[in-house]
Amino acid sequence: VHELDLPTPALVIDAARFEANLATMADAHPGPRLRPHVKAHKCTALAREQAHRGHRGFTCATPLEVVGMARAGLGVDLLLANETVDPDRLRAMAEAPDAIVTVAVDSDATVEAAAAAGIRHVLIDVDIGLPRCGCRVDDAGRLADLARAKGMDVRGVMGYEGHLMMVLDRVEQRAKVAACVDKLMVAHAAVGGPVISGGGTGTYDLHDRLTEVQAGSYALMDTHYAKLGLPFGQALSILGTVISSSADWAVADVGLKSLGMDHGNPSMEGYAVRFCSDEHVTFTRLDDGAALPKVGDRVRVWPAHVDPTMALHERAHLVRDGDVIETWAIDLRGW
Ligand SMILES: Cc1ncc(COP(=O)(O)O)c(C=O)c1O
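Treat the numbers as computed from the prediction; the structure is a model and nothing was measured.

**Student:** How should I be thinking about the packing of helix α5 (residues 108-116) against helix α6 (residues 140-149) in this particular structure?
**Tutor:** Helix-helix packing is characterised by the crossing angle of the two axes and by the distance between the axes. With their axes 10 Å apart at the nearest point, α5 and α6 run at an angle of 20° to one another. For the element pair α5 / α6, the angle class is roughly parallel. By crossing handedness, the relation of α5 to α6 is classed as right-handed. In this structure, α5 uses Asp108, Val111 and Glu112 to contact α6, whose residues at the interface are Arg142, Leu143, Leu146 and Ala147. Residue composition of the contact of α5 with α6, by class: four nonpolar, no polar and three charged.

**Student:** Please explain the nonpolar core as it appears in this structure.
**Tutor:** The tendency in soluble globular proteins is for nonpolar side chains to be buried side by side. Judged by nonpolar contacts, the single largest core of 92 residues is most densely connected at Ile13, Phe18, Ile124 and Leu220. Of the residues forming this core, the biggest block, six residues, is contributed by helix α7 (residues 170-191). Residues contacting Ile13, with those up to four places away along its chain left out, are Phe18, Leu46, Leu220, Ala235, Leu236, Ala316, His317, Leu318, Val319 and Trp328.

**Student:** Please explain the packing of aromatic side chains as it appears in this structure.
**Tutor:** What describes a pair of aromatic rings is the distance from one ring centre to the other and the angle between the planes of the rings. In the structure shown here, the tally under the stated rule is four aromatic pairs. By way of ring pairs, the aromatic residues Tyr204, Tyr218 and Phe232 are connected into one cluster.

**Student:** Where do I start with the pairing of strand β11 (residues 271-277) in this structure?
**Tutor:** On a regular strand, each side chain points to the face opposite its neighbour's, so the side chains alternate between the two faces of the sheet. Note: β11 against strand β12 (residues 280-285), six bridges, orientation antiparallel. The partner of Phe275 across the bridge, within β12, is Thr282.

**Student:** Would you mind showing me how to read the site of the ligand here?
**Tutor:** Lining the immediate environment of the ligand, one finds 14 residues, of which Thr201, Gln214, Gly216, Ser217 and Tyr225 sit closest. Contact distances for the ligand include 3.3 Å between an oxygen atom and a side-chain N or O atom of Tyr160. When isolated, the ligand has an accessible area of 390 Å², and the protein chains bury 93% of it. A majority-of-atoms criterion places the ligand in the largest pocket. Class assignment of the residues belonging to the shell around the ligand gives a composition of five nonpolar, seven polar and two charged.

**Student:** What is the right way to read the layout of surface pockets from this model?
**Tutor:** Within this model, the largest pocket holds a volume of roughly 570 Å³. If you go around the largest pocket, you meet 31 residues; those closest to its centre are Lys39, Arg132, Tyr160, Gly162 and Met165. By residue class, the composition of the lining of the largest pocket is 13 nonpolar, 12 polar and six charged. Every residue along the wall of the second largest pocket is listed here: Lys39, Lys42, Ala61, Thr62, Glu65, His305, Asp307, Pro308, Ala311, Arg333, Gly334 and Trp335. At three residues, the largest contribution of residues to the lining of the second largest pocket is made by helix α9 (residues 306-311). Across the lining of the second largest pocket, the residue classes break down as four nonpolar, three polar and five charged.

**Student:** Would you mind going over the environment of Glu212 with me for this structure?
**Tutor:** Counting through the fold element by element, Glu212 comes out in strand β8 (residues 212-213). Taking the relative accessible area as the measure of exposure, Glu212 reaches 6% and is therefore buried. For Glu212 and Leu34, which are 178 residues apart along the polypeptide, the C-alpha to C-alpha distance reads 5.2 Å.

**Student:** It is not clear to me how the packing of α6 against α7 should be interpreted in this structure. Could you clarify?
**Tutor:** Between α6 and α7, whose axes approach to 8 Å, the crossing angle comes to 35°. Like other packed secondary-structure pairs, α6 and α7 cross with a definite hand, here right-handed. Residue-level contacts link Ala140, Gly141, Ala144 and Arg148 of α6 to Ala187, Ala190 and Val191 of α7. When grouped by side-chain class, the residues that make up the contact of α6 with α7 number five nonpolar, one polar and one charged.

**Student:** In this structure, what is going on with the sheet that holds strand β4 (residues 101-105)? I would like to understand it.
**Tutor:** Backbone-to-backbone hydrogen bonds pair the strands of a sheet. The strands run either parallel or antiparallel. Taken in spatial order, the seven strands make up an open sheet running β2-β3-β4-β5-β6-β7-β8, and their pairing is parallel. The open sheet is flanked by β2 (57-60) and β8, the only strands paired with a single partner. Bridge count for strand β3 (residues 77-80) against β4 is three bridges, and the pairing is parallel. Following the sheet pairing, Leu79 is matched in β4 by Thr102. Together, β5 (121-125), β6 (153-159) and β7 (195-198) form the strand contacts of α7, whose direction differs from that of β6 by roughly 170°.

**Student:** When you look at the pairing of strand β13 (residues 298-301) in this model, what are you seeing that I'm missing?
**Tutor:** Of the two faces of β13, the one holding Val299 and Val301 is buried and the one holding Arg298 and Arg300 is not buried anywhere. When strand β9 (residues 236-245) meets β13, the two strands line up antiparallel, connected through four bridges. Along β13, the bridge assignment pairs Gly240 with Val299.

**Student:** I tried to follow helix α3 (residues 63-71) on my own but got confused; where do I start?
**Tutor:** Residues spaced three or four apart along an α-helix point in a common direction, a consequence of the helix completing one turn every 3.6 residues. Within α3, seven of the nine residues are buried, which leaves the element mostly enclosed by the surrounding structure. Of the positions making up α3, those classed as buried are Pro63, Glu65, Val66, Val67, Gly68, Met69 and Ala70. In this fold, the buried residues of α3 make contact with α2 (44-52), β2, β3, α4 (87-94) and β4. Positioned one or two residues after α3, Gly73 has a phi angle of 80°, which is positive.

The rules we used
- Residues numbered from 1 in each chain as written.
- Predicted model: local features only at pLDDT ≥ 70, side-chain atom pairs only at ≥ 80, totals over all residues.
- Heavy atoms only, no water.
- Axes fitted to C-alpha atoms, helices over the stretch in contact; angles between N-to-C directions.
- Helix = DSSP H or I, 4+ residues; strand = E, 2+ residues; numbered from the N terminus.
- Parallel < 35°, antiparallel > 145°, perpendicular 65-115°, else oblique.
- Left-handed = near helix turned anticlockwise from the far one by under 90°.
- Contact = heavy atoms within 4.5 Å.
- Nonpolar A, V, L, I, M, F, W, Y, C, P; charged D, E, K, R; others polar.
- Core = buried A, V, L, I, M, F, W, Y, C linked by side-chain atoms within 4.5 Å.
- Buried < 20%, exposed > 50% of the residue type's maximum accessible area, 1.4 Å probe, protein only.
- Phe/Tyr/Trp six-rings, centres within 6.5 Å; stacked < 30°, edge-to-face > 60°.
- Pairing = 2+ DSSP bridges.
- Near = heavy atom within 4 Å.
- Polar contact = N/O pair within 3.5 Å; in protein donor to acceptor, adjacent residues only side chain to side chain.
- Areas by Shrake-Rupley, 256 points an atom, 1.4 Å probe, with all protein chains shown as cover.
- 1 Å grid on protein atoms, 1.4 Å probe; cavity = no way out; pocket = protein on both sides within 12 Å on 5 of 7 lines; lining within 4 Å.
- Sits in = over half its atoms within 2 Å of the grid points.
- Points joined across faces, edges and corners; volume = space filled by probe spheres on them.

So, in structure tokens, the structure goes:
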């Protein structure tokens, strides 16, 4: 099947760019130095490609991602880099088949819930500046002691400097990231264990003190991350069909129900996107751009945020030179 014959909106992955992205990252962080984040794609088939490049441990954001990865035979070393107190989901992770599961904890309540559900391994999640999850640096040792007292193996620490991913000045970014990792190292000195985990696509090359980097977006990329000029190409786009047009604008069937919009409008080469509504993107000509397409023509839309875009689709088509060579289920959606 040619990509232009797919029913639209169709999520497509450019195989050449995707493979180049995986190769570039595997060069920078070979094998266990990268723990790819599956939240970026929610797709076990894609994760299998990352495992084939040597990364056998994965980062997850939801219990369902952990359990789904285990069921797919990708459970060598799964980290839930997120907090939960849900006893059923914790137990499902503890009992996930053929899997080693480690869960992030940042409070007495999360330690106690993990222990009660039979979770065997934890990481102490440390607040290193992003006001989201993570304990205070000076509380990390106490939480580690509590977890050990409850019989769990404390593998080390994690901290995610998500607030620094988009710092455009690299000198400034490097200094700010170093200050965050300083905090994580202080926590690690109190916690112990072999693992120091953190980082993302925007800071992937600024980490020599972490034992592993949790990048996810690098595999597919989006227009937001493209602004950083990283050596990863945009592999993910959505094909749409023009369903209406006027003298001044045209409309394709790629709306906010097929696009993660929290980083703003998508982009279209040669056109200016005016706005998206549920099932529509309205776009206009650029002054020096091409004429507007006709009803029935196919157009390509580049999403601004990869993670929520993937989560809106049931499948993604891997495309080489226009031909669909594989179709992957996005099978880790939900919680
Ligand atoms: C805990 C955690 N680690 C790592 C990442 C890295 O993701 P990305 O590669 O998209 O920067 C994220 C993304 O939000 C995250 O939440």
